[in-house]
Amino acid sequence: MSRRHELGPRAAWRHNSLTIVFGVLLLLFVFGQAVAGTAEYNETARTDGVQEISFVRYVGSSSFMVDLVENWQSEYLQFTLYILLTIWLVQRGSSESRKPGDTGRETDEQQLVGRFARPNSPRWAQIGGWRRAVYSHSLVITMTVVFVLSWLAQAVTGHVAESEQRMRDLLDPVSLGDYVTGPDFWSRTLQNWQSEMLAIGSMAVFAIYLRERGSPESKPVGMPHDVTTADE
Amino acid sequence: MTTLRRAAAVAAALIVTPALTACSSVDEPEARRVATEFARLAGTDPTAACALLAPRTLEQVIQDGDGDCAEGLQSESPRPASTITSVSVAINGAQVVMDNQVLFLAHFDTGWRVTAAGCTRDAADDAVPYQCSVKGS
């Protein structure tokens, strides 16, 4: 976030350019997905001899939502797992990993909480009790909540979209219970999960041997392969 | 924490709202009415019943009746309206289950229209479609 004494668009850009660019890209890609999805939905509607729908109606439909949130849930699952597993698991030489033997929750001093907190540390890190406990896990809690809500939304919207297609094919609609134990739900879910595990697992390994000069996601170009963290 | 709470609220709103809007129960009464009306008219006033058919189904029934929809509909010995046991609506599709038959409908600019009627199924496998006396090509 931008500092309070620096205001204006330039300061906002200087301090938040990564978030701004990803936010804009997200909106562009969601719009593109909606345009392509409307065309695909209407192509199938013409094939099935039923009414085509408008862009706005498609964006509000379960057909669009299931395609959107099935990807969201897997992204949040991926990062939740990565945040959690990298507390204890390591990959020697990877910039994505902590050093072997240096794993775990760390001490209060290392985590700057309680009496080790700095004057400008978050307030809930300075005080004790449940608020510090919650704040100490707030990232994973939030990511997990978004994952669960997205997965739930995938189940609800997926069962509606699947039911519509089944009724066009002169089949019974599917109940939510049958849908979440059926092939469409798990095919959508697992095809996303496997790709997320591939991406994050290969990133951890590639980061041992490969470099991108200047990126915080990479070790410095000249850093030896067996050195795990850039700050060693 | 304000930022965190705000982010969580936005995320929840973005995800939960579409999930809730997935329910289409507002369309159920109209789908129910059209299905009942079609089943009632099919035996007594087939010309009026034809007006409630979806375009592709209408085409097929006209073809079955050698150019006359009413003729085509009557040749299928339509089942009369009966007690409705369930109505399901999903986006632009609906299924109305009566005691004696199942009807499928789709939503058009002109309202709900029947895509198939007189449907029954013997197969236990729910991946096998209903057999319908009235349906599109």
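Residues numbered from 1 in each chain as written. Chains lettered and ligands numbered in written order. Predicted model: local features only at pLDDT ≥ 70, side-chain atom pairs only at ≥ 80, totals over all residues. Heavy atoms only, no water.

**Q** Honestly, a negative patch on the surface in this entry has me stumped. Any pointers?
**A** Residue and element names in this part refer to chain B. A surface patch of negative charge is lined by Asp64, Asp66, Asp68 and Glu71. Here Asp64 shows up in helix 4 (residues 55-64). The exposure class of Asp64 is partly exposed, given its relative accessible area of 36%. (Patch = residues over 30% accessible without salt bridge, like charges linked within 9 Å, V, L, I, M, F, W, Y side chains within 5 Å. Areas by Shrake-Rupley, 256 points an atom, 1.4 Å probe, with all protein chains shown as cover. Salt bridge = Lys/Arg side-chain N within 4 Å of Asp/Glu carboxyl O. Lys, Arg positive; Asp, Glu negative; His and termini not counted. Charge placed at Lys NZ, Arg CZ, Asp CG, Glu CD. Helix = DSSP H or I, 4+ residues; strand = E, 2+ residues; numbered from the N terminus. Buried < 20%, exposed > 50% of the residue type's maximum accessible area, 1.4 Å probe, protein only.)

**Q** Looking at this model, I keep getting lost on the interface of chain B and chain A. Mind explaining?
**A** Often the size quoted for an interface is simply the accessible area lost on bringing the parts together. At the interface, 34 residues of chain B touch 36 residues of chain A. Interface area for chain B against chain A, summed over the two sides, is near 2,800 Å², with a carbon-plus-sulfur share of 68%. Seen at the junction of chain B and chain A, the total is one salt bridge. The partner of Asp172(A) in a salt bridge is Arg121(B), and the shortest N-O contact between them spans 3.1 Å. At the boundary of chain B and chain A, one finds 10 residue pairs in polar contact (both at pLDDT 80 or more). The biggest single contributor to the side of chain B that touches chain A is helix 1 (residues 2-21) of chain B, with nine residues. Of the residues in the side of chain B that touches chain A, the class split is 23 nonpolar, six polar and five charged. (Contact = heavy atoms within 4.5 Å. Buried area = accessible area lost by both parts, 1.4 Å probe. Polar contact = N/O pair within 3.5 Å; in protein donor to acceptor, adjacent residues only side chain to side chain. Nonpolar A, V, L, I, M, F, W, Y, C, P; charged D, E, K, R; others polar.)

**Q** What is the right way to read the pattern of salt bridges from this model?
**A** A side chain of one charge can pair with a side chain of the opposite charge if their charged atoms are brought near each other. In total, this model carries 11 salt bridges over all chains according to the counting rule given. What emerges from the salt-bridge pattern is a single network uniting Asp67(A), Glu70(A), Asp184(A) and Arg188(A).

**Q** Where do I start with the domain arrangement of chain A in this structure?
**A** Residue and element names in this part refer to chain A. With domains assigned, chain A is organised as domain 1 (1-60) and domain 2 (61-232). Computed from C-alpha atoms alone, the centre-to-centre distance between domain 1 and domain 2 is 22 Å. Listed per partner, the contact involves 12 residues of domain 1 and 10 residues of domain 2. There are one salt bridge connecting domain 1 and domain 2. At the junction of domain 1 with domain 2, the criterion picks out seven residue pairs in polar contact (both at pLDDT 80 or more). For the side of domain 1 that touches domain 2, the secondary structure elements donating two or more residues are helix 1 (9-48) and helix 2 (55-59). Tallying contributions element by element places helix 1 first for the side of domain 1 that touches domain 2, with seven residues. When its residues are assigned to classes, the side of domain 1 that touches domain 2 shows seven nonpolar, three polar and two charged. (Domains from an automatic or database assignment.)

**Q** I would appreciate a short explanation of the packing of helix 3 (residues 62-88) of chain A against helix 9 (residues 183-209) of chain A in the present structure.
**A** To describe two helices that pack against each other, one gives the angle between their axes and the distance between the axes. All names here are of chain A. Viewed as axis vectors pointing N to C, helix 3 and helix 9 meet at an angle of 40°, and their least axial separation amounts to 9 Å. The angle between helix 3 and helix 9 falls in the class oblique. Helix-helix and strand crossings are classified by hand; for helix 3 and helix 9 the assignment is right-handed. Counting all contacts with helix 3, which are made through Val66, Asp67, Glu70, Asn71, Gln73, Ser74, Glu75, Leu77, Gln78, Leu81 and Tyr82, the residues of helix 9 involved are Arg188, Thr189, Gln191, Asn192, Trp193, Glu196, Met197, Ala199, Ile200 and Ala204. Across the contact of helix 3 with helix 9, the residue classes tally to nine nonpolar, seven polar and five charged. (Axes fitted to C-alpha atoms, helices over the stretch in contact; angles between N-to-C directions. Parallel < 35°, antiparallel > 145°, perpendicular 65-115°, else oblique. Left-handed = near helix turned anticlockwise from the far one by under 90°.)

**Q** Looking at this structure, I do not really get the sheet that holds strand 2 (residues 93-98) of chain B. What am I missing?
**A** Each strand in a sheet pairs with its neighbour through backbone hydrogen bonds, running either in the same direction (parallel) or in the opposite one (antiparallel). Residue and element names in this part refer to chain B. One open sheet holds the five strands; their spatial order is 1-2-3-4-5, and the pairing between them is antiparallel. Among the strands making up the open sheet, the edge pair consists of strand 1 (84-90) and strand 5 (131-135). Adjacent strand axes in the sheet meet at a mean angle of 25°, parallel and antiparallel pairs treated alike. The pairing of strand 1 with strand 2 spans six bridges and is antiparallel. In the strand pairing of strand 2, Ala90 is matched with Gly93. (Pairing = 2+ DSSP bridges.)

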